[in-house]
Structure formats: C-alpha cells, structure tokens
Amino acid sequence: MIGKTSFLYKYRPELSMLFWEVFRRNMIVFNKYWFSNIMFNFLEPLLYLLALGIGLGLYIPEIEGLSYLEFISPGILASSAMWATSFECTYNSFIRLQVQKTYHAIVSTPVSLDEIVMGDIAFGAFKSMFYGSIFLVVLFFLGYISSPLALLVPVVLILSGVVFAQLSMIWTSVAPNMELFSYYFTLFITPMFLFSGIFFPIENMPIFVQRLAWFTPLFHSVQICRGLITGQFDPLLWANLLVLILFAAILFFPPLILMRRRLIK
Amino acid sequence: MAGKMFNREVICARGLRKKYGDKEVVRGINLSVSKGECFGILGPNGAGKTTIVKMIFGLSPPTSGTLLVLGMNVNGNQREIKKHLGVVSQEDHLDSDLNVGENLEVFARYYGMRPAESRPYVKQLLELMGLSDRYRSKIHELSGGMRRRLSIARSLINNPDLLILDEPTTGLDPHARRLVWQMLRSIKEKQITMLLTTHYLEEASILCDRLVIMDDGIILDEGNPRFLVKKHAGEEVLELGLREKPEFWQNEISARFGDMQKGSLLLGDSLYFYLNGDGKVLLNEINSLATPVSYHLLRPSNLEDVFLKLTGKKLETES
Ligand SMILES: Nc1ncnc2c1ncn2[C@@H]1O[C@H](COP(=O)(O)OP(=O)(O)O)[C@@H](O)[C@H]1O
Ligand SMILES: [Mg+2]
C-alpha cells in the first residue's frame, strides 16, 4: 500500500486513451499547415544530401562498400526525422504550454496533464515518421533503396521519434523561456547530428566518442535505418533496437513528472 | 459514482488553506455553494480568488483543509469532478490554432463526445452566445468580448453541473461587459450552479444570489448582496469632504448623532456616514454646526461601501 502523501502516490501516472484526443487536436492543426512546413522539414535534408553526397562524394570513393551518397542518405533521413520531432516538442509544445495556454485549457477538462504530454509525444513521433517517410519515398525514386526491409523504416522512426519527443518535452517542461531552446539544439541536437555516424563511420573516431555515441538515440536510429535501407543486415542492429526501446522506457516518466512540477503549483 | 451522491451542496470548503512557499494566500476559508445558485467571490486583485478556482479544478492542490466539489474530494477525484465542470479562466485560453467551431468541437472530444454528437449542441451554444455567424472565424478575428463569449460557450459544451467564471468581464469595455452579463443571466435561468469571482461590484450585485467578500485570503462576510449592504452600510451614505481636522469632526458628529448612523469611516479627507435614518436631517444638523465641508454627497449605499467599511480600502482598481 502506498501512502497518500508519498512521492509515488503524488506522481502516479494518470493515463487513459484520452491522450489520443490531444494527438488528434494536433493533427487537426497539422492538416492545415503540413504543406507549408514541407520546405523546412524536407527540402533542407534534401539539400544536405545533394550538396554532401554529390559534392563531397566526388572525393570519397566508397565507405563500407557503399557510394558516399548511399552511405549518408539513411542517416540524413533519420536525422531529418529527429529535427522535425525536436522542433515540434520544443518550440511548438512550448508555445502551446506557455504562450497560448492550450495546456491550461485542456487540464480543466477530464484530460489529465499526463495525457496532454503523452499526446504531444505521440504527435512528435508521428512527425518523425511522416517527414522521414516522405524522405524515404524520395530515396526510392532516386534509386537508393536496395532492400524491401526499408519498409520497416517508418516503424523505427516512430520509436526513435518517441525518444526524441521525450527528450524535447523534458527540456520544454523546465525551460523558463523560448531563448533557452537554442541551447538544446546547440549543445545536444547538433552534436548528435554531426557525431552519430551519418557523415562518416564512427569506428575511426577516438574510442570515447564511440562509447558516447552508444548513449545517443540518433546513433542507433541511423544504424538501423542504414541496415534496413541498404540491406546490409548486421545482427548487432538488434542491440541498437534494444537500446532505443530502453531509452523510451527510461524516459517514460520524467517528462510527465517534470511537467506536473511546472504546471501544478 | 460519488458524483451523483452529493445532496445539494455543490462546493463545500472547510478550513481551506493554500501556501505558495512561505506565503499563505488562502488562509482558512469556509464556503458552501448550493445547487442552482450563483455564488460570488468578491475581492480585489490578489485576494486569492483565482487560487480558489485553481484548487477546484486541480491546478493547485490545497495545502490543508477539505474541499469537496459535487460531493467529491478534490484530492484524488480530479477526473470525475472535471467531467461535470465548466471553467472560464481569467485569461482567455482559447485555442488560437483552431477556428471558432473547431474550438468547441475539439473541446467536446476532451469530454468523450464525437463531433456528430456535439455539432448540434455547438450550433446551439454559438447561438446562445450571439456567435452564430462566426462558426468559421479565426480566433484572432474576434473582439475581446466575442472571445469571452466563446470561452463561456466552450465551458458549457459538457452541460456542466458547476460553471466557474473567473473574472468573466475583466478587461472588457462597458458595452461588451453588459452583453456578457446579459448572457450570463440567460445561463442563470437554466439553473446551472455558478461560481463567479469578480472585483466589480455592479457585476456581483447584478448576478450573484449570494456572495462572500474576500480580502487577503480571508472571507470577511457572507450573504445576499442586498442584505450585506443593509447590514454594513444601511440604506444611504452621506459622504463629506472636510477642509480641516477630519478626525475631530468624525468624533464630534458621531458623538452627537450616533443614533442616526450605523457607523462612519474616514478615508483621507473624506468622511463616510452609513445611515439608519433620513440623510437630509443629518446633513442639516451638520451644516448647523458650521462644519468645514467642501462637498457633500447623499446616495444609496452599495457593495463598495460594504467593502470599504470591512477593509478600509477601495475595491475597484480599474474602470
Ligand atoms: N504560482 C504562484 N506562486 C506564488 N504566488 C502566487 C502564485 N499564484 C498566485 N500567487 C499569489 O497569490 C495571491 C493571490 O493570487 P490570486 O489567487 O491570483 O488572486 P486574485 O485572483 O484574487 O487576484 C497573490 O498575492 C499572488 O501574487
Ligand atoms: Mg484572479
């Protein structure tokens, strides 16, 4: 029996399927604006792919048996999904929380704060899947998909999307103002983007960078996406998948608890 | 469920307290709101009105004391309570990513209502609030008064047993305010229990069946507005501006004509007498004493006088 004053009782999760209604609310808004957001979420990674893949690719014969463009495209796909989710669950969630007070309005209904946070996380994961999958289709037409296993990429993007959404929501729930989000991107998202084996294999990096990479979710999602898209399936990918699942499990409670601490005074 | 078991007491607070850090902002209040009444909390900014509202819908757990809403303790029954609640918060919390109709339909979903179920009701509520032709408008296209009326419409979407209105007309111009009052009166006719906080006396007198006067986290008195006015400020107030020695004249007049008044209050150079008897008689008597009066005003007593008398300060801080 847990006492009514204990920490565990105070933060017991209040979750039901009502979180889908928050997800659905975000989808209604998404349906109005997704096309105008394509530019940002899709053209930018495409430019990276073309500039680096074709430009830099001329000087790099091949990596791990792949042309440079083939090597970097799955990583750029995985990272574009990360960027989409991270922007959604930082800036956009913060606007709903702090500027528009959408969260305040919803907590006066039967929907709990936990469900609001879960709804936003689910929506962040959706965006990861959506923008990543558009990129996947483009890669298909460019002829860079060598395996039907690539059809599993959206599933991986949902899982990695959940993790990035959880991390972003943690930051959102403690950030006093919007300026602080640039720290999140500069200190966390950008380094991950650069050192997660997207542009070069991390095997050649100092050993501590290689160790560190295992503690970042992007590294694992890049590895899995590359394996599925190129068809070079390495059993080690199961370990990558397991780590992502572990991340999602460990990060399940912190955003819920931190958001309660912020809003319920 | 517990929700249906409450008898007639919709809100019951006993010894309710709220501390933010070391600062206690609600300091042991008792409240009892009955089914069907419009109950007011009248108090200046910072009195603790919003804090009480937040305790009711779970944004702020009480520090101590008990708070029952619809017969359920707010600790541990939040979801069940909120199914039966409508809340209009002090600032508009409308969803500006959605248009007018979507605001209501999406809100209905939070109560588990499908759009097919809620749509006829949405139309009806927009009509009630005079917003029928605004179904597709964006939120930023609405005036302040319309936004407030939309917030009220949205709070009624679940057909609540208790409607909470936190300063529903603060920040509105007089015309928009009157329109909101008119609409709140039509809601009142539907016998929905209302809890209304305000710092406008006129609002409280027009809408509330019963109210508490609150200042600094404490309830000073409670009752029907007219009863409270009569009790504390009598029928009429004589307001005198004094050119010199206001304390002396307060004592002098009170000593001589104590039986004609219920009490007096000095605020700067202004002296207020709350009258039992005929104000004109007292005024004549005062003039015959050669009191140094710069102006005088004889008028019916109102809630402002009650507040002034109970706290020694004026209530309204903005027009
Ligand atoms: N989250 C908070 N933390 C600290 N103090 C607060 C908080 N919310 C309100 N207060 C303080 O509590 C007092 C009562 O506030 P409030 O209930 O908003 O008053 P009202 O609604 O009557 O104007 C004020 O002094 C206010 O500054
Ligand atoms: Mg307030």
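As a convention, each chain's residues are numbered from 1 in the sequence order in which they are written. Each chain takes a letter, starting from A, and each ligand takes a number, starting from 1, following the order in which they are written. Under the rules for a predicted model, residues below a pLDDT of 70 receive no local features and side-chain atom pairs below 80 are neither given nor counted, while totals for whole chains, interfaces and linings still include all residues. By convention in this description, side-chain values take in all heavy atoms of the structure and omit both hydrogens and water.

**Topic: the packing of helix α3 (residues 68-99) of chain A against helix α9 (residues 217-230) of chain A**
In a pair of packed helices, the angle between the axes and the distance between the axes together describe the arrangement.
Residues and elements named next belong to chain A.
Okay, so step 1: Helix axes are fitted to C-alpha atoms over the stretch in contact, other axes to C-alpha atoms as well, and angles between N-to-C directions run from 0 to 180 degrees. Each helix is a run of DSSP H or I of at least 4 residues and each strand a run of E of at least 2, with the numbering of both proceeding from the N terminus. Orientation of α3 relative to α9, taken along the N-to-C sense of each, is 135°, at an axis distance of 8 Å. Taken together, the axes of α3 and α9 lie oblique to each other. Both α3 and α9 take part in a crossing whose hand is right-handed. For the pair α3 and α9, the contacting residues are Phe 71, Pro 74, Gly 75, Leu 77, Ala 78, Ser 79 and Met 82 in the first and Leu 218, Ser 221, Val 222, Cys 225, Arg 226 and Ile 229 in the second.
Okay, so step 2: We call Asp, Glu, Lys and Arg charged. Ala, Val, Leu, Ile, Met, Phe, Trp, Tyr, Cys and Pro are nonpolar, and the rest, Gly among them, are polar. When grouped by side-chain class, the residues that make up the contact of α3 with α9 number nine nonpolar, three polar and one charged. Here the word oblique covers every angle except those under 35 degrees (roughly parallel), over 145 (roughly antiparallel) and from 65 to 115 (roughly perpendicular). Helix crossings get a hand from a simple test, with the near helix turned counterclockwise from the far one by less than a right angle marking a left-handed crossing and a clockwise turn marking a right-handed one. Here, residues are in contact when the closest pair of their heavy atoms is within 4.5 Å.

**A word on the pattern of salt bridges**
Okay, so step 1: We count a salt bridge whenever a side-chain nitrogen from Lys or Arg sits within 4 Å of a carboxyl oxygen from Asp or Glu. What the rule picks out here adds up to 28 salt bridges over all chains.
Okay, so step 2: Arg 24 of chain A is the partner of Glu 21 of chain A in a salt bridge, and the nearest nitrogen-oxygen pair spans 3.1 Å. Here Glu 21 of chain A pairs with Arg 24 of chain A, and both are found in helix α2 (residues 19-55), just three residues apart, close to one helical turn.
Okay, so step 3: Accessibility here uses a 1.4 Å probe with only protein chains present; expressed as a share of the type maximum, an area under 20% marks a residue as buried, one over 50% as exposed, and anything in between as partly exposed. Take Glu 21 of chain A: its relative accessible area is 6%, and that puts it in the buried class.
Okay, so step 4: Its salt-bridge partner being Lys 83 of chain B, residue Glu 80 of chain B comes within 3.2 Å of it at the nearest N-O pair. Of this pair, Glu 80 of chain B and Lys 83 of chain B both sit in helix α2 (residues 78-83), separated by three residues, roughly a single helical turn.
Okay, so step 5: The partly exposed category is assigned to Lys 83 of chain B, whose relative accessible area is 40%.
Okay, so step 6: Via salt bridges that share partners, Glu 21 and Arg 24 of chain A together with Arg 109 and Arg 114 of chain B belong to a single interconnected network.

**Description of the packing of aromatic side chains**
Okay, so step 1: Stacked, edge-to-face and tilted are the three classes for Phe, Tyr and Trp ring pairs, Trp counted by its six-membered ring, which pair at centre distances within 6.5 Å; planes under 30 degrees apart are stacked, over 60 edge-to-face, the rest tilted. Per the stated rule, a full pass over the model turns up 32 aromatic pairs over all chains.
Okay, so step 2: Seen from their ring centres, Trp 214 of chain A and Phe 219 of chain A are 5.9 Å apart, and the 55° between their planes marks the pair as tilted.
Okay, so step 3: On the basis of relative accessibility, which here comes to 5%, the residue Phe 219 of chain A falls in the buried class.
Okay, so step 4: With a centroid separation of 5.6 Å and an interplanar angle of 70°, the aromatic rings of Phe 107 of chain B and Tyr 110 of chain B are classed as edge-to-face. Here Phe 107 of chain B and its partner Tyr 110 of chain B are both found in helix α3 (residues 100-110), three residues apart, which amounts to about one turn of the helix.
Okay, so step 5: For Phe 107 of chain B, a relative accessible area of 5% corresponds to the buried category.
Okay, so step 6: Chaining the aromatic ring pairs together yields one cluster made of Tyr 48, Trp 83, Phe 87, Tyr 91, Phe 94, Trp 171, Phe 181, Tyr 184, Phe 185, Phe 188, Phe 193 and Phe 199 of chain A.
Okay, so step 7: Across from the ring centre of Phe 107 of chain B, 4.0 Å away, lies the NZ or CZ of Arg 154 of chain B, which sits over that ring. In this scheme, Lys NZ or Arg CZ marks a charge over a ring once it lies within 6 Å of the ring centre and within 35 degrees of the ring normal.

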